[in-house]
Amino acid sequence: MLLAATGLVFAILAALSVPIVFALGAAAVTGLVLGGYSLEMLASSLIGASQNWILLAIPSFIFAGTIMERCGMSYALVDLARALVGWLRGGLGMSVIVVSYFFSDICGSKMAEVSALGSTLMPPLKRAGYRPADGASLIAAGTAMGMLVPPAIFLIVIGEVTNISVVALFLAGFVPAAVIGICLCLLVALQAHLLGWPKDTRPSFRFLLRSLRDAAVPLVIPLVILGGFYFGAFTATEAGAIVALYSLAAARLYYRNLTWRQIVWIGYDSAVLTAVVVFLLAVATIFQYLMGVTGVPLLLGELLKPLESAHWLFLLGVALITMVFGMVLEGLPAAVVLIPVVFPIANRLGINPIHFDIVQTAAVGIGLFLPPMGVGLLMALRFAEVPVGEHAKTYWPYVLALLVGLMLIICLPELSLAIPRSAGFVR
Amino acid sequence: MNASGQAVAGASNGRSVRDIVLFVPRFVLIALLALAIADMIVGVFLRYVMVPVTDWLDLDPINFFWVEEVGEYSLAWLTMIGAGIGVAERAHFTLRVVTHRLPPVPQRAVHIASNLLIAVFGGLAAWYGTRLAIINTALTSPALQLNLAWLYAAPAVGGVLMAISALSLAVEPPVTEEAAPVASESGALAAGDD
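Rules used in this analysis
Residues numbered from 1 in each chain as written. Chains lettered and ligands numbered in written order. Predicted model: local features only at pLDDT ≥ 70, side-chain atom pairs only at ≥ 80, totals over all residues. Heavy atoms only, no water. Contact = heavy atoms within 4.5 Å. Salt bridge = Lys/Arg side-chain N within 4 Å of Asp/Glu carboxyl O. Polar contact = N/O pair within 3.5 Å; in protein donor to acceptor, adjacent residues only side chain to side chain. Helix = DSSP H or I, 4+ residues; strand = E, 2+ residues; numbered from the N terminus. Nonpolar A, V, L, I, M, F, W, Y, C, P; charged D, E, K, R; others polar. Core = buried A, V, L, I, M, F, W, Y, C linked by side-chain atoms within 4.5 Å. Buried < 20%, exposed > 50% of the residue type's maximum accessible area, 1.4 Å probe, protein only. pLDDT = per-residue confidence, 0-100. Expected span 1.5 Å × (residues − 1). Bend = angle between axes of the 7 residues up to and from the residue. Patch = residues over 30% accessible without salt bridge, like charges linked within 9 Å, V, L, I, M, F, W, Y side chains within 5 Å. Areas by Shrake-Rupley, 256 points an atom, 1.4 Å probe, with all protein chains shown as cover. Axes fitted to C-alpha atoms, helices over the stretch in contact; angles between N-to-C directions. Parallel < 35°, antiparallel > 145°, perpendicular 65-115°, else oblique. Left-handed = near helix turned anticlockwise from the far one by under 90°. Arc of directions from axis to C-beta. Phe/Tyr/Trp six-rings, centres within 6.5 Å; stacked < 30°, edge-to-face > 60°.

> Quick rundown of the interface of chain A and chain B? Include the residues and the values.
Where interface size is quoted, it is often the accessible area lost as the parts come together. Each side of the interface is counted separately: chain A has 73 residues, and chain B has 66 residues. Taken together, the links from chain A to chain B amount to two salt bridges. Across the pair Glu238(A) and Arg47(B) runs a salt bridge, and its minimum N-O distance is 2.7 Å. Applying the counting rule to chain A against chain B returns nine residue pairs in polar contact (both at pLDDT 80 or more). Examining the composition of the side of chain A that touches chain B, we find that 17 residues originate from one element, helix 13 (residues 260-293) of chain A, more than from any other. Partitioned by chemical class, the residues of the side of chain A that touches chain B number 51 nonpolar, 14 polar and eight charged.

> So what about the nonpolar core? Which residues, and what values?
Residues Phe279(A), Phe314(A) and Phe356(A) are the most contacted members of the largest nonpolar core, which totals 219 residues. At 20 residues, the largest contribution of residues to this core is made by helix 13 of chain A. If sequence neighbours within four positions are ignored, Phe279(A) has contacts with Val21(A), Phe22(A), Leu46(A), Thr79(B), Met80(B), Ala83(B), His92(B), Phe121(B) and Met162(B).

> Just give me the short version of the confidence of the model for chain B, but keep the residues and values in it.
Close inspection of predicted coordinates is inappropriate for parts of the model with low pLDDT. All names here are of chain B. Residues with a pLDDT of 70 or more make up 83% of chain B, whose mean pLDDT is 83. The lowest-confidence element of chain B is helix 1 (residues 3-56), averaging 83 in pLDDT; the highest-confidence one is helix 5 (residues 154-170), averaging 95. Residue range residues 178-194 is modelled with pLDDT below 50. Its contacts to residues more than four positions away, or to other chains, number 50 contacts. Here the complex is predicted with pTM 0.86, and the ipTM for its interfaces comes to 0.87.

> A description of the environment of His355(A) should follow, citing residues and the corresponding values.
Residue and element names in this part refer to chain A. Mapped onto the elements of the fold, His355 is located in helix 18 (residues 353-368). Measuring from C-alpha to C-alpha, the distance between His355 and Ser416 comes to 5.8 Å, with 61 residues separating the pair along the chain. Once you skip the residues sitting within four places of it in the chain, His355 turns out to touch Leu315, Ile409, Ile410, Pro413, Ser416 and Leu417.

> Just give me the short version of helix 11 (residues 205-230) of chain A, but keep the residues and values in it.
Residues and elements named next belong to chain A. Compared with an ideal rise of 1.5 Å per residue, which puts 26 residues at 38 Å, helix 11 spans 32 Å between its outermost C-alpha atoms and falls more than 12% short. The largest bend in helix 11 is about 55°, located at Val217, with the proline Pro218 one to four residues further on. Among all positions in helix 11, only Ser211, Ala215, Val217, Pro218, Leu219, Ile221, Pro222, Ile225, Gly228 and Phe229 are buried. Just downstream of helix 11, Gly232 is the residue with a positive phi angle, here 65°.

> Give a description of a nonpolar patch on the surface that names residues and reports values.
Residue and element names in this part refer to chain B. Among the surface-exposed residues, Phe45, Tyr48, Val49, Val53, Trp56, Leu57 and Leu59 lie close enough to one another that they form a single nonpolar patch of about 700 Å² accessible area. Among the secondary structure elements, Leu59 is positioned in the loop between helix 1 and helix 2 (65-88). For Leu59, a relative accessible area of 49% gives the class partly exposed.

> Quick rundown of the packing of helix 5 (residues 73-85) of chain A against helix 11 of chain A? Include the residues and the values.
All names here are of chain A. One way to put it is that helix 5 packs onto helix 11 with a least axis distance of 8 Å and a crossing angle of 140°. By the angle class used here, helix 5 and helix 11 are oblique. Between helix 5 and helix 11 the crossing geometry is left-handed. Within the contact between the two elements, helix 5 uses Met73, Ala76, Leu77, Asp79, Leu80, Ala83 and Leu84 and helix 11 uses Phe207, Leu208, Ser211, Leu212, Asp214, Ala215, Pro218 and Leu219. For the contact of helix 5 with helix 11, the per-class residue count stands at 12 nonpolar, one polar and two charged.

> Would you mind going over the pattern of salt bridges in detail, with residue names and values included?
Residues and elements named next belong to chain B. All told, the structure shown has 11 salt bridges over all chains when counted by the stated rule. A salt bridge links Arg18 to Glu172; its shortest N-O distance comes to 2.9 Å. Linking Arg18 in helix 1 with Glu172 in the segment after helix 5, this pair joins segments that are 154 residues apart in sequence. Accessibility expressed as a relative area gives 3% for Glu172, which makes it buried. Taking the shortest distance from any N to any O, the salt bridge between Glu89 and Arg26 comes out at 3.5 Å.

> Describe in detail helix 1 (residues 2-15) of chain A, supporting the description with residues and values.
The terminal C-alpha atoms of helix 1 of chain A, which comprises 14 residues, lie 20 Å apart, in line with the 20 Å expected from a rise of 1.5 Å per residue. Within helix 1 of chain A, the full set of buried residues consists of Leu2(A), Ala5(A), Thr6(A), Phe10(A), Leu13(A) and Ala14(A). Buried residues in helix 1 of chain A, looked at end-on, bunch into an arc of 145°, giving them a common side. Exposed residues lying more than 90 degrees from the buried face of helix 1 of chain A are Ala4(A) and Leu8(A). Among the structural elements, helix 2 (20-34), helix 13 and helix 15 (311-329) of chain A together with helix 3 (104-135) of chain B are those in contact with the buried residues of helix 1 of chain A.

> Can you tell me about the packing of aromatic side chains, naming the residues and giving the values?
Residue and element names in this part refer to chain A. Following the criterion strictly, the structure yields 14 aromatic pairs over all chains and no others. Both rings, one in Phe22 and one in Phe279, keep their centres 5.9 Å apart while their planes meet at 55°; by these two values the pair is tilted. Here Phe279 lies in helix 13 and Phe22 lies in helix 2, a separation of 257 residues in the sequence. Overall, the relative accessible area of 0% leaves Phe279 in the buried class. A centroid spacing of 6.0 Å and a plane angle of 65° characterise the contact between Phe61 and Phe170, whose relative ring orientation is edge-to-face. Taken together, the residues Phe61 in helix 4 (residues 57-70) and Phe170 in helix 10 (residues 166-195) connect sequence positions 109 residues apart. Phe170 shares its class with Phe61; the two are buried. An aromatic cluster of at least three residues, connected via ring pairs, comprises Phe61, Phe170, Phe229 and Phe234.

> Go over unusual backbone geometry with me, naming the residues and quoting the values.
In this structure, Pro151(A) follows Pro150(A) across a cis peptide bond, with omega equal to 5°. Its location among the elements puts Pro151(A) in the loop between helix 8 (132-146) and helix 9 (153-162). Each neighbour pair has its own omega, and for Pro371(A) with Pro372(A) the value is 5°, a cis peptide bond. One can find Pro372(A) in the loop between helix 18 and helix 19 (375-384). Its identity is not glycine, yet Asp58(B) carries a phi of approximately 60°, on the positive side. Position of Asp58(B) relative to the elements: it lies in the loop between helix 1 and helix 2. Residue classification places Asp58(B) among the exposed residues on the basis of a relative accessible area of 70%.

If you want it as structure tokens, here you go:
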């Protein structure tokens with residue numbers, strides 16, 4: 001009864017465009033009242049969840065990423081990607097995938113990434129003869145893959161929700177993202193031969209060196225993250241502080257194209273976005289508590305029992321549900337509503353929690369870019385001006401490549417666990 | 001005045017009330033972000049530079065337990081004030097599948113009801129936040145010895161901001177889907193971000 005009432009309140013309000021966090025909040029208040037729990041929990045949960053040292057990494061990574069994006073580093077990264085793979089047939093297409101990998105390393109925000117890559121890459125793609133739908137597919141699939149590349153905010157949130165070290169998740173994300181990236185590059189190579197996509201101009205050695213030099217400033221960030229975490233030098237929160245200071249110095253001393261006024265506004269946007277994310281997490285804790293006391297994990301455990309015979313089957317089943325949640329509810333709400341309920345079952349089955357988190361992160365990334373209503377895909381399509389239905393005819397091979405990548409991550413846990421294991425996070 | 005004229009007047013009233021009320025909180029929000037990031041940078045400096053230096057010079061170690069507390073309290077306040085401002089900025093994640101397809105009158109009704117619901121939630125957060133702050137007046141934080149009422153007042157303030165923002169939005173017409181992702185002056189997207 002309690003469960004049905006809270007679920008119904010949430011579903012109706014969310015469908016009626018009440019912001020998801022308030023739909024969750026209203027459902028939580030309904031659950032607390034019907035269950036006879038004190039409403040004092042509302043205020044204490046809001047403080048308990050937001051007063052969190054690990055989540056402090058979020059504002060600094062968002063702030064740093066937005067500054068670097070606004071400095072125009074996407075141009076430097078696009079040049080580097082074109083110098084590295086542009087000379088292959090379909091190389092410009094592959095460079096979209098490569099640049100998505102680099103870019104996600106620096107820019108923690110998916111929407112900013114789609115927006116930056118769409119505006120930077122769509123014109124050269126069109127000029128080179130790629131159809132707008134192809135361009136949008138490349139950007140959407142590349143950014144979906146980038147979900148796994150640190151310092152993705154989603155990894156911080158899922159780490160917090162499942163109580164797993166954010167550093168371990170950051171280290172775990174690099175290889176699976178590369179695996180999905182390779183799947184996408186193979187597809188691009190195949191498409192290039194079938195559709196006659198051109199080679200980019202063969203870059204000179206001097207161009208390669210120049211693009212490496214220009215990209216060096218933003219690429220220090222992933223090096224700091226990977227190196228610092230691997231050797232256990234600092235925590236995710238400390239890395240956030242270092243990266244924020246570095247990007248501020250780069251903006252003022254190297255790029256010199258941002259005024260203090262603009263930086264203050266970037267700070268404002270970063271603070272609002274941080275608040276939106278952390279507030280959602282805080283409100284969700286009440287909802288999670290209610291789901292716990294009403295036995296939702298047990299119920300879901302029964303439902304998922306047929307999938308428990310093999311780890312890969314369970315992970316795939318949950319990943320497909322997560323994907324649909326990611327498409328409908330967007331990434332972070334999906335994480336705070338679904339993951340805490342399913343995670344204990346995965347734990348009971350003996351699935352490594354880092355592997356579980358990485359698989360679900362990849363699934364949410366794909367869901368965000370899944371037709372017909374993945375918010376990331378809709379954003380990418382704005383740059384292509386192609387309706388979602390028509391685009392799906394071009395896009396399905398990319399979804400297939402993303403799913404092949406996901407299957408590889410599911411079936412080969414070491415892809416996620418090798419680096420954290422060698423850094424001492426997995427025994 | 002005709003209906004559209006009233007809607008325009010309502011919209012401008014709502015916006016001006018919101019701008020006045022949120023003027024100070026917007027600056028406080030920026031200051032809290034600056035404080036949180038500066039605090040973390042100071043923490044890194046103390047841990048990686050000052051601790052080895054004091055060890056090397058054989059001086060008393062520097063106490064920096066307060067760094068964690070300042071950071072956490074800043075984030076709590078930033079979250080609550082930002083969540084209130086986020087209502088005004090329409091920055092919270094929102095599903096847009098049904099309502100924008102409704103005819104104008106039911107769309108308007110859903111918009112008003114949705115904002116009233118947010119206002120009620122904000123009111124509850126403010127009420128119970130105030131009660132929690134009063135209960136905690138006798139307690140102090142371990143590192144800063146700060147009265148914990150200051151921490152627990154955050155949901156109260158955030159709740160009031162949410163309620164005012166939602167009520168001011170309720171008198172405005174609903175936004176179209178194209179206008180939905182909110183941009184502040186710098187143009188960054190807030191909603192739908194991961």
